[in-house]
Amino acid sequence: QVQLVESGGGLVQAGGSLRLSCAASVSISSFNAMAWYRQAPGKQRELVASKTNGDNTYYKDSVKGRFTIFRDNAKNTVDLQMNSLKPEDTAVYYCNADHPVYEYWGQGTQVTVSS
């Protein structure tokens, strides 16, 4: 079984920072991409950032320059550093692992940004 466990969420004031961490129970080197998604109440789940084994990185336009994704295959972790947080960043954040055949999801961690 593959498990992804997120941590680091919480309540932060606008302009502040949080660092989310996703720890995998298995090696992540076989996953094409590790990614962070988020879902706000009443909204569709959206891709925030991803990083492939080839070190290609994607960021949603609204988080560029503020968020950074870190993938550590040796530690089987993927982190999301979030700076200059805005109230519109409030959502449940999910870790995702993409394989040629399978996809895996974490349970989510709540991020709330107050005005």
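Being a predicted model, the structure only gives us computed values, none of them experimental.

1. Points about the nonpolar core
- Residues Trp36, Phe67, Leu80, Met82 and Tyr93 are the most contacted members of the largest nonpolar core, which totals 26 residues.
- With residues up to four places along the chain from it excluded, the contact list for Leu80 reads Leu18, Arg19, Leu20, Trp36, Val48, Ala49, Phe67, Thr68, Ile69 and Tyr93.

2. Quick look at the packing of aromatic side chains
- Using the criterion set out here, one finds three aromatic pairs in the structure.
- Arranged with centres 5.8 Å apart and planes meeting at 75 degrees, the rings of Phe31 and Tyr104 form a pair that is edge-to-face. Of this pair, Phe31 sits in the loop between strand 3 (18-24) and strand 4 (33-39) while Tyr104 sits in strand 10 (residues 103-105), placing them 73 residues apart in sequence.
- Across the ring face of Trp105, the terminal group of Arg45 is positioned such that the distance to the ring centre comes to 4.8 Å.

3. Topic: the pairing of strand 4
- For strand 4, the buried fraction is high: six of the seven residues fall into the buried class.
- Turn length for the strand 4-strand 5 (residues 46-52) hairpin, with the two strands adjacent in sequence and antiparallel, is six residues, and the turn residue Gly42 shows positive phi of about 75 degrees.
- Pairing analysis gives seven bridges linking strand 4 to strand 9 (residues 91-98), with the strands arranged antiparallel. Bridge pairing links Trp36 to Cys95 in strand 9.

4. So, unusual backbone geometry
- For Asp55, which is not glycine, the phi dihedral falls at a positive 70 degrees.
- As for its position among the elements, Asp55 is in the loop between strand 5 and strand 6 (57-59).
- Among the residues examined, Asp55 registers a relative accessible area of 54% and is labelled exposed.
- For Asn76, which is not a glycine, the phi torsion comes out positive at approximately 60 degrees.

5. Brief notes about the sheet that holds strand 7 (residues 67-72)
- One open sheet accounts for four strands, arranged 1-3-8-7; its pairing is antiparallel. The outermost strands of the open sheet, each flanked by one partner alone, are strand 1 (4-7) and strand 7. Here the strands of the sheet are splayed against their neighbours by 15 degrees on average, with no regard to which way each runs.
- The pairing of strand 3 with strand 8 (residues 77-82) spans six bridges and is antiparallel. If you follow Ser21 over to strand 8, its bridge partner there is Asp79.

6. A look at the side chain of Asn96
- Inspection of the secondary structure puts Asn96 in strand 9.
- The class for Asn96 is buried, based on a relative accessible area of 3%.
- A distance of 3.3 Å separates a polar side-chain atom of Asn96 from the backbone oxygen of Tyr104.
- Setting aside residues no more than four positions away along its own chain, Asn96 makes contact with Leu4, Ala33, Met34, Ala35, Tyr37, Glu103, Tyr104 and Trp105.

Rules behind the numbers
Residues numbered from 1 in each chain as written. Predicted model: local features only at pLDDT ≥ 70, side-chain atom pairs only at ≥ 80, totals over all residues. Heavy atoms only, no water. Core = buried A, V, L, I, M, F, W, Y, C linked by side-chain atoms within 4.5 Å. Buried < 20%, exposed > 50% of the residue type's maximum accessible area, 1.4 Å probe, protein only. Contact = heavy atoms within 4.5 Å. Phe/Tyr/Trp six-rings, centres within 6.5 Å; stacked < 30°, edge-to-face > 60°. Helix = DSSP H or I, 4+ residues; strand = E, 2+ residues; numbered from the N terminus. Lys NZ or Arg CZ within 6 Å of the ring centre and 35° of its normal. Pairing = 2+ DSSP bridges. Axes fitted to C-alpha atoms, helices over the stretch in contact; angles between N-to-C directions. Polar contact = N/O pair within 3.5 Å; in protein donor to acceptor, adjacent residues only side chain to side chain.

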